[in-house]
Amino acid sequence: MSVPVTVRLTVNGVPREGRCEPRKLLVDFLREDLGLTGTHVGCEHGICGACTILLDGQAARSCLMLAVQADGAEITTVEGLARDGGLHPLQEAFHEHHGLQCGFCTPGMLMTALDLLRVKPDADEAEIRAGMSAVLCRCTGYHGIIEAVKAAARKLARSATEGRT
Amino acid sequence: MGERWIGRPLKRVEDAHLLTGRGAFIDDHPPVPGVHHAAIVRSPHAHARILGYDVSAALRMEGVVGVITGDDVARHTKPFSVGVAAPVHYYCAATDKARFVGEPVAVVVARDRYLAEDAAEAVVVHYEPLPAVVDPEKALEPGAPVLHEAVGSNLASHRRLVYGDPERAFAEADVVVRERFRFPKYGSTPIETYGVLARWDPLEGVLTVWSNFMGPFIMHPLTARVLGLPENRLRFVVPPDIGGSFGIKTSIYPYIALIGLAAMRTGLPVKWIEDRREHLLASSSGTDRVAYRELAARRDGTVLGMRFRWFDNVGGYIRSPEPGCSFRPTGNFVGPYRFQHLEVEASTVMTNKSLTGPNRGYACGHLYFETEGMMDRLAETLGMDPAEVRRRNLIPRDAFPYRTPTGGLYDSGDYQAAFDRALELARYGELRREQARARAAGRLYGIGLALAVDPSVSNMGYVATALDPQFRAKPEYLPKSGAVDGATIKVDPLGRVTVVMATTPQGQGHRTVVAQVVADELGIRPEDVTVVDEMDTFTRFWSISSGTYSSRFGSVGTSAAALAARKLKAKLVEYAAHLMEVPAGDLEFRDGGVHPRRGKGPSYSIKDLAGRAHWHTQSLPEGMEPGLQVSGVFGFRVAEAVDAADRVNSSNTYGFIAEVMAVEVDPETAVIKILKYVTVHDAGTIINPMIAEGQIYGGALHGLGGALYEELAYDEDGQLLTGTFMDYLVPTASEAPVIEIAHVESPSPLTPLGSKGLGESSSMTVPAVVANAVSDALAPLGVRITELPMAPSRLWELIQAARAGAVARSTP
């Protein structure tokens, strides 16, 4: 075993620190060292997307990078979505539209949708399908997920408009 | 009458914790003090004799506390019971030989998983590679490599079942249609893999195992016997959340034994989370099958009889509940059709592939792919419309409850109405006109139909169909039957209601549904019902058939909740009658309390009665048990053991599915575009349509995966070619078709609510409906689909070959 290194990063707005082997995956670091078990591991080779987080604001697979590579980064996980005791509009939409069954892929779905709607707030259905195809779900047949992301896009667009006026 | 909650698309109580990262999956289990981690060493060979192990280097590595090899497994465990008479010795890891790539051969236990993986690479296993065989027909040829010397051949089981007089049906037929089909090996690959955490308490002699096991809990006593533990010293605990299963997590039990053994041998708690490569290599999948089908019919399209000849490939060992791949649908072998004569010859074959087991639509995806393909071939032979051929053979509405020739008891249905609804929703006539226009323009446009009887709640008795009637007739043979589930309802001193279940849900929203059922029964609101659904074999009711599989919750689980609520109501009425000093018969339970049947008078709410019953037990009538807690265990009387003529009611409730699909095939790229897909379901009373439709969307996509994309493909030497999600193609949101769903409701007379299951739903019809639609599209080229998945490359080759053939035929 190589010498442990210190990793310092900001997770969901809170500075966090841990010591781990340089080879430790970011997702394992989040789950095991920081106790943030909301981010899930589904394939460990970057296809299923269950481990998707935001790394400095962009969606990233936390199974495809090492914790040391995230040193100094700003990370958002599913635990950081709900604020002030209320659900994020995306979380609300997934609830309203039955966008989850077992809930295992859901953290990855939510973080992917968050990034998608940030980059393309007016995404149409085909773009939403293409964007959400970054994460695999085996329960829902994707129907509820796509409906949820469409609804959240509308809701976020409305609140953005209201925010401007 | 208060508000009714059954039938409403209530949002799920399960969602909040799952949406906020507070799920409690197996890998999230709170740390157990001293826990160590396992890495499994797996065979790189499809077939090899194990000559010995050298674990010395691994044991010297940092953090390593122990290595378990096949020698330990042979010394300290017994093989699992298998569902056939053949002497197959299936241990939780290879002992003498490895029989498929990925078979566990050793386990390394270390301080963390990284160190365990390091040491796993240092375990040396000496192998003598042997020739492999992966094709179920080739495996039965003389000279084929034999996997199990004690069996003497690769045939794990062979049964010939005869119902009616198929011989005569075929002799009297005007037409006989024959076809050979191949169904692929695929699995539903839940995004959460297997996980086991085992702790051995030597002083109590108790092994506690946390795992995402989904049942059936028959596997609990089997595992106890393997580990040499009394059943009440083996504790199975299932975490509140399971990340999908679809049948696959039934087959985790060998790993429960293996990791349990590692915990017992090292004296330390041991955790193992399967990785994706391990999952694709060695978890579980459906069987691949070669099927030879024959259908005998009259000229008018009436089916007289069928013959099925199956070669089911269960991989290196037959693992329970196989050969369910052949027999799970025994009662519904005939599907929705009324023909009476059938011969089924089922061979279960062992080859050097990974092991199989239940996978969503268990055995029914295979069955209907073949049967519905045959119905289309019959229509084509007779020049009839495929809808008309099916219509002529449907079991009529007035025939229910209907006893099938194979022993099934179809409890209710109106197949004609559901089929008509599907044709009408799809605008079948218009689709056919559109097809004529498309064909005239040279386009490959096809329409497929598929009908299916959707069996729910397996009767545990069906598995014995695999055994000869002579074997079952022996006095020492213990017959098997049954399908039960339990629920407990408690009312606390302030009148709040808690329901305790142990159904091992995997995302099906059981807590929401139970709250709806109990709210309706008690006349309260669902939010006032707290539902706990967690399995622990030490504290919860369970039986052999417990678990969530074979679409059973919507039928038997909801029935148990309703039964418990009804028992609670009866107790509350009796108690109130005592307080009011009137006969119980003058009172009734409605709107959340006990009221006089007629006229006005005093009434008691649940809250009133609960306070009195808890605080003042003297107020209870003589002989009444204190406490407001009742349990209900619901079981089906129609779940009977298989009879001497191999007839068995293999499930307990039977729904119906009718589907129509239109596709267009690109002649250059062979890409299939789904233009329309309609699915109509009859699952009796629908308790929560949102959840029911979620099951249909999900089931349909599983069927589509098997039909078009997914295959655990092997080369001839038994090496897996699709060991990652880059090669094993799971459909994404871009591939998901638009689905039009409708329901027809024929309530079951067998369940308190009239509900049936529908968890597997369209997973069993989509392979058939896609294959039929694509066959219809390619009919002008003379191409028929007999093999899945229809990957573009395979389809393209078929199209090219057909064109070359046409050219060859037209060239003098």
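1. Points about the nonpolar core
The tendency in soluble globular proteins is for nonpolar side chains to be buried side by side. Met132 of chain A together with Ala38, Val108, Ile259, Val499, Val518 and Val774 of chain B are the most contacted members of the largest nonpolar core, which has 315 residues in total. Per element, the largest residue contribution to this core is 12 residues, and it comes from helix H16 (residues 553-580) of chain B. Each residue touching alanine 38 of chain B, except ones within four places of it in the same chain, is listed here: Val107, Val108, Val109, Ala116, Ile259, Ala262, Val270, Lys271 and Trp272 of chain B.

2. Digging into the sheet that holds strand S23 (residues 593-596) of chain B
Strands in a sheet are paired, the pairing made by backbone hydrogen bonds, and the direction either parallel or antiparallel. Residues and elements named next belong to chain B. The antiparallel open sheet is built from three strands, whose spatial order is S22-S23-S24. Among the strands making up the open sheet, the edge pair consists of strand S22 (587-590) and strand S24 (604-605). In the sheet, S22 pairs with S23 via four bridges, with the strands oriented antiparallel. Bridge pairing in S23 links arginine 590 to glycine 593. Its contacts with the sheet put H16 on S22, S23 and S24, and the angle it makes with S22 is roughly 135°.

3. Looking at the environment of methionine 661 of chain B
All names here are of chain B. With respect to the helices and strands, methionine 661 occurs in strand S26 (residues 651-665). Classification of methionine 661 as buried rests on a count of 29 C-beta atoms within 10 Å. Counting along the chain gives 13 residues from methionine 661 to isoleucine 674, while the straight-line C-alpha distance between them is 7.3 Å. Non-local contacts of methionine 661, meaning those with residues more than four positions away in its chain, are made with Gly448, Ile674, Lys676, Tyr677, Val769, Val770 and Ala773.

4. Comments concerning the interface of chain B and chain A
Often, the extent of an interface is quoted as the loss of accessible area on bringing the components together. Opposite the 43 residues of chain B that make contact, chain A presents 44 residues. Contributing elements (two or more residues each) for the side of chain B that touches chain A: helix H1 (15-19), helix H4 (113-122) and helix H18 (689-709) of chain B. Considering each element in turn, the side of chain B that touches chain A owes the most residues, six residues, to H18 of chain B. When grouped by side-chain class, the residues that make up the side of chain B that touches chain A number 19 nonpolar, 15 polar and nine charged.

5. Considering the confidence of the model for chain B
Overall, the predicted model of chain B reaches an average pLDDT of 97, with 99% of residues at or above 70. In the predicted complex, the global pTM is 0.97; the interface-specific ipTM is 0.98.

6. Some remarks on helix H1 (residues 26-33) of chain A
Residues and elements named next belong to chain A. Burial within H1 is extensive, with six of its eight residues counted as buried. Listed as buried for H1 are Leu26, Val27, Asp28, Phe29, Leu30 and Arg31. Contacts made by the buried residues of H1 are with strand S1 (5-11) and strand S2 (14-20). Among the residues trailing H1, glycine 35 stands out with phi positive, at a value near 70°.

7. Details of the pairing of strand S20 (residues 497-501) of chain B
All names here are of chain B. Burial analysis of S20 places four of its five residues in the buried class, the great majority of the element. Where strand S19 (residues 484-491) folds back on S20, the antiparallel hairpin that results is connected by five residues, among which glycine 495 adopts a positive phi of roughly 90°. Looking at chain direction, S20 and strand S21 (residues 529-533) are connected through five bridges and run parallel. In the strand pairing of S21, methionine 501 is matched with aspartate 533.

Rules behind the numbers
- Throughout this document, residue positions are counted from 1 along each chain, in the order its sequence is written.
- Both sets of labels track the order of writing: A upward for chains, 1 upward for ligands.
- The predicted origin of the model limits local features to residues at a pLDDT of at least 70 and limits the giving and counting of side-chain atom pairs to 80 or more, whereas totals for whole chains, interfaces and linings rest on all residues.
- Core membership is restricted to buried Ala, Val, Leu, Ile, Met, Phe, Trp, Tyr and Cys residues, and these are joined into a nonpolar core through C-beta atoms within 7 Å.
- Any residue with 12 or fewer other C-beta atoms within 10 Å of its own C-beta is exposed, any with 20 or more is buried, and the rest are partly exposed; the C-beta atoms used are placed from the backbone.
- Helix numbers and strand numbers start at the N terminus; a helix is a DSSP run of H or I with at least 4 residues, a strand a run of E with at least 2.
- In this description, a residue-residue contact is defined by the distance between C-beta atoms placed from the backbone, which must lie within 7 Å.
- Strands qualify as paired when DSSP identifies two bridges or more between them.
- Axis definition: a line fit to C-alpha positions, over the contact stretch in the case of helices; interaxial angles, taken between N-to-C directions, run 0 to 180 degrees.
- Polar here means any residue other than Ala, Val, Leu, Ile, Met, Phe, Trp, Tyr, Cys and Pro, which are nonpolar, and Asp, Glu, Lys and Arg, which are charged; Gly is therefore polar.
- The quantity called pLDDT is the predictor's confidence in a given residue, expressed from 0 to 100.

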